[in-house]
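Survey of secondary and tertiary structure
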Amino acid sequence: MDYVSSDSSPAGPHGSDMPLPHGARGVKVVIVGGFGVGKTTMVGAVSEIPPLTTEETMTQAGVGIDHNPGAAGKNTTTVAMDFGRISINEQLILYLFGTPGQERFWFLWNGIFEGALGAVVLVDTRQIEVCFEIITRLEDRRVPFVVAVNTFPDAPQHPIPDLRAALALNESVPIMNCDARERSSSRDALLSLMGYLRTLAAAQESA
């Protein structure tokens, strides 16, 4: 298994074990989506530390099981999680956990989601049907989430209102286009989640 890390990075991916700058708050966020949707790419693009990855070379064992019509050239896959970190400002640091996309690894989500404040659901319009169960799982866990549509060059492009309807998203759930390869675009998706969490918290306080 290939682990990529930095000597200057925290010793382990557990928020309570990580030293924070004085006055800063660490928040756990999960990046979730189907196989090959770009979760590892997003974590790597936005992380301010060398990301920790758990990628393995794909083998014949996955033929007919791990399917993504847009990942014909993909030869590695996440088998446990990705981990990165981004400082939003001096008071807020996000610890990013990317989940494995193949359904046979979804049992790992229980541990990954423990203590998470929210999630970004990364969507590939070439396999949008995969998102239905993912969104259902988040709703069952009562994990707040936003939806980021990764804009692959050869993927069908749909208006945001049509995608919202297709995914049966509540009008309050943010949904946006995103290029997971770009730091600014990925950061915008995370900022959207933070804004949504603030809105939910304010609504609860006023209820």
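Residues numbered from 1 in each chain as written. Predicted model: local features only at pLDDT ≥ 70, side-chain atom pairs only at ≥ 80, totals over all residues. Heavy atoms only, no water.

**Topic: the environment of A45**
Using the following cut-off: What counts as a helix is a DSSP run of H or I of at least four residues, what counts as a strand is a run of E of at least two, and both are numbered from the N terminus. Between two residues, a contact is recorded if the distance between any of their heavy atoms is within 4.5 Å.
Residue position: A45 is located in helix 1 (residues 39–46). Separated by 141 residues in sequence, A45 and S186 have C-alpha atoms that sit 7.4 Å apart. In this structure, A45 is in contact with A180, R181, E182, R183 and S186, ignoring residues within four places of it in sequence.

**Remarks on the packing of aromatic side chains**
Two measures describe an aromatic ring pair: the distance that separates the ring centres and the angle between the ring planes. Condition: Only the six-membered ring of Trp is used, alongside the rings of Phe and Tyr, when aromatic pairs are assigned; centres must lie within 6.5 Å, and planes under 30 degrees apart are stacked while those over 60 apart are edge-to-face, with the rest tilted. A 1.4 Å probe rolled over the protein chains alone gives each residue an accessible area, and that area as a share of the maximum for its type sets the label: buried under 20%, exposed over 50%, partly exposed in between.
The final tally for this structure, using the stated rule, is two aromatic pairs. On the numbers, 6.2 Å between centres and 20 degrees between planes, the contact of F83 with Y95 is stacked. Of the two residues, F83 sits in strand 4 (residues 82–87) while Y95 sits in strand 5 (residues 92–98), which places them 12 residues apart along the sequence. On the accessibility criterion, F83 (6% relative accessible area) is buried. What makes Y95 buried here is its relative accessible area of 3%.

**Focus: the sheet that holds strand 4**
Quick reminder of the rule: Strand pairing is assigned whenever DSSP detects at least two bridges linking the two strands. Only the stretch in contact is used when a helix axis is fitted, and all axes are lines through C-alpha atoms; the angle between N-to-C directions ranges over 0 to 180 degrees.
Pairing is mixed across the open sheet formed by six strands, whose spatial order is 4-5-1-6-7-8. Pairing within the sheet leaves two strands with one partner each, and these edge strands are strand 4 and strand 8 (175–178). Taking each pair of neighbouring strands and ignoring which way they run, the sheet shows an average axis angle of 25 degrees. Judged from the five bridges that link them, strand 6 (residues 118–123) and strand 7 (residues 145–150) form a sheet pairing that is parallel.

**A word on the confidence of the model for the protein chain**
What counts, and what does not: How sure the predictor is of each residue is captured by pLDDT, a score from 0 to 100.
For the protein chain, mean pLDDT is 81; residues scoring 70 or higher make up 71% of the total. In this model, residues 1–18 is a region of pLDDT below 50 whose contacts with residues beyond four sequence positions or in other chains number 28 contacts. Contacts of residues 62–66 to residues separated by more than four positions or lying in other chains number four contacts, the stretch itself having pLDDT below 50.

**With respect to the side chain of T125**
Spelled out, the test is: Between N or O atoms, a polar contact is any pair within 3.5 Å; within protein, one atom must be a potential hydrogen donor and the other a potential acceptor, and residues adjacent in sequence are included only when both atoms are from side chains.
As for its placement among the helices and strands, T125 is situated in the loop between strand 6 and helix 3 (130–141). Looking at T125, its side chain comes within polar contact range of the main-chain oxygen of P156, at 2.7 Å. Sequence-distant contacts of T125, that is, excluding residues within four places in its chain, are made with V149, A155, P156, H158 and L163.

**Points about the nonpolar core**
Condition: Side-chain atoms within 4.5 Å are what join buried Ala, Val, Leu, Ile, Met, Phe, Trp, Tyr and Cys residues into a set we call a nonpolar core.
Of all hydrophobic cores here, the largest spans 54 residues; its most connected members are V29, L94, L138, F145, V147 and L190. In contact with L138, not counting residues within four places along its chain, are V32, F113, A119, V121, V143 and F145.

**Some thoughts on unusual backbone geometry**
Note: most residues except glycine have negative phi, and most peptide bonds are trans. We note that R142 has phi near 60 degrees; this positive angle belongs to a residue other than glycine. Among the structural elements, R142 can be located in the loop between helix 3 and strand 7. In this structure R142 comes out as exposed when scored by relative accessible area, which is 77%.

**Observations concerning the pairing of strand 5**
Here strand 5 lies mainly inside the structure; seven of its seven residues are buried. As judged from the seven bridges shared by strand 1 (residues 25–33) and strand 5, these two strands associate in the parallel manner. From the neighbouring strand, R25 faces strand 5, where its bridge partner is L92. Pairing of strand 4 with strand 5 involves six bridges; the strand directions are antiparallel. Note on strand 5: the bridge partner recorded for R85 is Y95.

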